[in-house]
Every structure is written in structure tokens, then in C-alpha cells.
Amino acid sequence: MIKKSYSKTGNFCRVTFKLPAAVHAEAAMLCGDFNEWDTGSNPMRRLKDGGFSFTLSLACGRNYRYRYLLDGHHWENDWDADDYVPNDFGGEDSVVNL
């Protein structure tokens, strides 16, 4: 799930990415073209209900591809992404439109 909060100027948006507890993971990382798909730069915070959350500010006026890396080896898309696009690995990436 993604939650968007746009700045007053409309130049940036605080985006909160959330994963439900149903993913049954011990750890989750947010990876995307906003962090060059770095599998270590955006560890998600574990929530009391067993889900995960991470918030970052992104520039508006473009779309960002992203996925979640669970337990260091399983890629998961966002079940409520704005869109999905094919990737070079035969799967799809989630997309957030800003």
C-alpha cells in the first residue's frame, strides 16, 4: 500500500510504503529506481502488527519503479501500486505515479 502526502509547493511528495503482515517476512527492504535498486539502503520498519513501513520524499512529475525485497531473497510487488510495468527479469515492477 502507498500513501501520498504532497508538499504545499507540489514539488515533492512524502510517500509511505506499507506491507501487510500477510507477507510473513522477518525483514523487508524498499528497492527502486529512486535508490538505484540498492538492496541495503532502505530497510523498512517493522510494525506492531507484523507489517512493514518506510517513508521517503520523492520529486513530483514522474513515475518511480519499486519492489520489496523480503528476507534478502524474495521479491514482492506492492499489491496496491498505481501501476505495474514489465522488468528485464521476466516479471513486473510496481509503479508509484507522482
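Counting starts from 1 at the beginning of each chain's written sequence and moves along it residue by residue. Totals for whole chains, interfaces and linings use all residues, but because this is a predicted model, local features are given only for residues with pLDDT of at least 70 and pairs of side-chain atoms are given and counted only at 80 or more. In computing side-chain values, all of the structure's heavy atoms are included and hydrogens and water are not.

**Concerning the pairing of strand β3 (residues 28-32)**
Piece 1. Relative accessibility thresholds used throughout: buried, under 20% of the residue-type maximum; exposed, over 50%; partly exposed, between the two (1.4 Å probe, protein chains only). A run of H or I in DSSP counts as a helix once it spans at least four residues, and a run of E counts as a strand once it spans at least two, with each numbered from the N terminus. Counting buried residues along β3, 5 of its 5 residues qualify, which places the element largely inside the surrounding structure.
Piece 2. Of the two faces of β3, the one holding A28, L30 and G32 and the one holding M29 and C31 are both buried throughout.
Piece 3. Bridge count for β3 against strand β6 (residues 63-70) is 5 bridges, and the pairing is antiparallel. Across the sheet, L30 pairs through a bridge with Y68, a residue of β6. One bridge is not enough; two strands pair if DSSP finds at least two bridges between them.

**As for the sheet that holds strand β5 (residues 52-59)**
Piece 1. Reading across the sheet, the 4 strands line up as β1-β2-β5-β4 and stay open at both edges, with antiparallel pairing between neighbours. What marks the edges here is a single partner per strand, and that holds for β1 (2-6) and β4 (45-46).

**Examining the packing of aromatic side chains**
Piece 1. Note on ring pairs: Phe, Tyr and Trp rings are taken, using the six-membered ring of Trp, and paired if centres are within 6.5 Å. Classes follow the plane angle, with under 30 degrees stacked, over 60 edge-to-face and the rest tilted. For the coordinates displayed, the defined rule picks out 5 aromatic pairs.
Piece 2. Pairing F17 with Y66 gives two aromatic rings, centres 4.9 Å apart and planes at 70 degrees, and the pair type is edge-to-face. Of the two residues, F17 is situated in strand β2 (residues 12-19) and Y66 in strand β6; the sequence distance between them amounts to 49 residues. Each member of the pair, F17 together with Y66, is buried.
Piece 3. Aromatic rings pair up to connect F17, F34, Y64, Y66 and Y68 into one cluster.

**Examining the layout of surface pockets**
Piece 1. With a 1 Å grid laid over protein atoms only, a set of points is called a cavity when a 1.4 Å probe fits there but cannot get out and a pocket when it is open yet has protein on both sides within 12 Å along at least five of seven lines; lining residues have an atom within 4 Å of a point. Grid points are joined across faces, edges and corners, and a volume is the space filled by probe spheres set on the points. Approximately 180 Å³ is the volume attributed to the largest pocket.
Piece 2. Taken together, W37, R65, R67, W75, P86, N87, D88, F89 and D93 form the lining of the largest pocket.
Piece 3. Class assignment of the residues belonging to the lining of the largest pocket gives a composition of 4 nonpolar, 1 polar and 4 charged. Lys, Arg, Asp and Glu make up the charged group, whereas Ala, Val, Leu, Ile, Met, Phe, Trp, Tyr, Cys and Pro make up the nonpolar group; the residues left over, Gly among them, are polar.

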